[in-house]
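Summary of structural features
Okay, here's what each chain looks like letter by letter:
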Amino acid sequence: MFNDRFLLSGVMGWPVGHSQSPFIHAAFLAQTGLRGAYLPLAIPPARLEAAVRALPALGFRGCNLTLPHKEAALSFLDHLDPLAKRIGAVNCICVSQEGALEGFNYDSRGYIQALHEEMEDPLLFQGPVVVLGAGGAARAIVVGLLEEGVKEIRLLNRTFERAEALAVEMGSCVSPLAWSQRQESLRNATLVINTTNQGMKGYPPLDLSLEVLEAHAVVSDLIYTPLETPLLTQARRKGCRIHNGLGMLLHQARFSFHHWFNVWPCLTPELRQQVQARIG
Ligand code: NAP
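Now for a look at the structure at hand. In this text, all values refer to a predicted model and were calculated from it rather than measured experimentally.

Residue position: Glu-169 is located in helix α7 (residues 160-170). Glu-169 gets classed as partly exposed once you look at its relative accessible area, which sits at 48%. Measuring from C-alpha to C-alpha, the distance between Glu-169 and Arg-86 comes to 9.2 Å, with 83 residues separating the pair along the chain. Ignoring sequence-local partners within four residues, the contact set of Glu-169 consists of Arg-86 and Arg-139. Here Arg-139 takes part through its side chain, which lies 2.5 Å from a polar atom of the side chain of Glu-169.

If you want it as structure tokens, here you go:
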């Protein structure tokens, strides 16, 4: 359907130079034989709306949004997918045939898909599930867990009021707990998810002891720089299975690519290894 066209998409961020998405999408284009380019677009917050509104005229099929743009785009897009609305953030914009700007969020589905694929454990979602953090990424994760049918989510955030507000919004399956209870909250959990920035390159480790966590639990960290955070090292040493944020990054990219071009690219072991090597 796109044989005669040069396909354009990209990622808007500020900054955007660190993004692995141009590399991942270039690999998808090469693998699927489509002619096109995925561009890193450094857009300051004050220019976001103008830049997004220019996409149809420039012939873009769409673009991804990364920090700090994911929430800001909600206010001016023509249509919002219900999931993006519920999460309160957009990470994928699609330009419709008529030139309308449509907002989606594939962080949530990308994360859940990665967990399913890498852990192959349906019991994981029986819970209780502990989610640490209540920022933008946590919203996507909590919505994804609820869509999977998780019945008990223990939500902890350094600033309790944010956990409380998110729990009220998400309903009775989500219980906000004080940050001081984070060690104790791990008791009988099947899955523990770090959505804070603690443990990321340049940040201190997450201040959390996994002592009471049972060894059959999975510990998941949304961070992928580094690929193994101090939290994941602690979990691995304890005998727990571990899961990093790389799969989420790759799967949300795959969903976006499919939405724009109607072709599913493969997440090959080679691509995963290449991205891992770039992250170092
Ligand atoms: P965000 O909205 O800024 O939220 C940051 C969270 O970290 C908040 O809950 C914040 O708590 C918490 N936090 C900050 N400093 C802390 C500290 N010293 N101790 C405990 N908690 C602290 O950021 P975000 O967009 O949600 O991103 C969070 C993480 O997810 C980042 O590491 C990002 O790289 C990762 N992420 C990964 C992917 C992927 O594809 N793998 C996608 C999106 C995000 P307060 O509310 O108390 O400030």
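Following the structure, the description resumes.
As a structural note, the neighbourhood of the ligand is formed by 22 residues, with Ala-137, Asn-157, Arg-158, Thr-159 and Arg-162 the closest of them. Within the backbone of Leu-222, an N or O atom sits 2.9 Å from a nitrogen atom of the ligand. Here the ligand loses 78% of its free accessible area of 940 Å² to cover by the protein chains. When residues of the shell around the ligand are traced back to their parent elements, those giving at least two are α6 (136-147) and α9 (246-261). The residue inventory of the shell around the ligand, partitioned by class, reads 9 nonpolar, 10 polar and 3 charged.

All right, on to helix α5 (residues 107-119) then. For α5, spanning 13 residues, the distance from its first C-alpha to its last is 18 Å, which sits close to the expected 18 Å at 1.5 Å a residue. For α5, the set of buried residues is Asp-107, Ser-108, Gly-110, Tyr-111, Ile-112, Ala-114, Leu-115 and Met-119. Looking at the buried residues of α5, the elements they touch are α4 (82-87), α6, β10 (191-194), β11 (218-221), β12 (241-243) and α9. Two residues or fewer past α5, Glu-120 is found with a positive phi of approximately 45°.

Throughout the structure, instances matching the rule amount to 10 salt bridges. In this structure, Glu-118 engages Arg-272 in a salt bridge whose closest nitrogen and oxygen atoms are separated by 3.5 Å. A residue pair is termed long-range when its members are at least 10 positions apart, and Glu-118 in helix α5 and Arg-272 in helix α10 (residues 269-279) qualify at 154 residues. Judged by relative accessible area, Glu-118 falls into the partly exposed class, the value being 29%. One salt bridge connects Arg-182 with Asp-207, and the closest N-O pair in it is separated by 3.0 Å.

Grouped together as the largest cluster of nonpolar side chains are 32 residues, with contacts concentrated most on Val-131, Val-142, Leu-145 and Ile-193. Contributions of two or more residues to this core are made by α4, α5, β7 (129-132), α6, β8 (153-156), α7 and β10. The dominant element in this core, judged by the number of residues it contributes, is α6, at 7 residues. With residues up to four places along the chain from it excluded, the contact list for Val-142 reads Val-131, Ile-153, Leu-155, Leu-166, Met-170 and Val-174. One finds Val-16, Tyr-38, Leu-250 and Ile-279 within the second-largest nonpolar core, a separate group that totals 24 residues.

Scoring rules and cut-offs
Residues numbered from 1 in each chain as written. Predicted model: local features only at pLDDT ≥ 70, side-chain atom pairs only at ≥ 80, totals over all residues. Heavy atoms only, no water. Helix = DSSP H or I, 4+ residues; strand = E, 2+ residues; numbered from the N terminus. Buried < 20%, exposed > 50% of the residue type's maximum accessible area, 1.4 Å probe, protein only. Contact = heavy atoms within 4.5 Å. Polar contact = N/O pair within 3.5 Å; in protein donor to acceptor, adjacent residues only side chain to side chain. Near = heavy atom within 4 Å. Areas by Shrake-Rupley, 256 points an atom, 1.4 Å probe, with all protein chains shown as cover. Nonpolar A, V, L, I, M, F, W, Y, C, P; charged D, E, K, R; others polar. Expected span 1.5 Å × (residues − 1). Salt bridge = Lys/Arg side-chain N within 4 Å of Asp/Glu carboxyl O. Core = buried A, V, L, I, M, F, W, Y, C linked by side-chain atoms within 4.5 Å.

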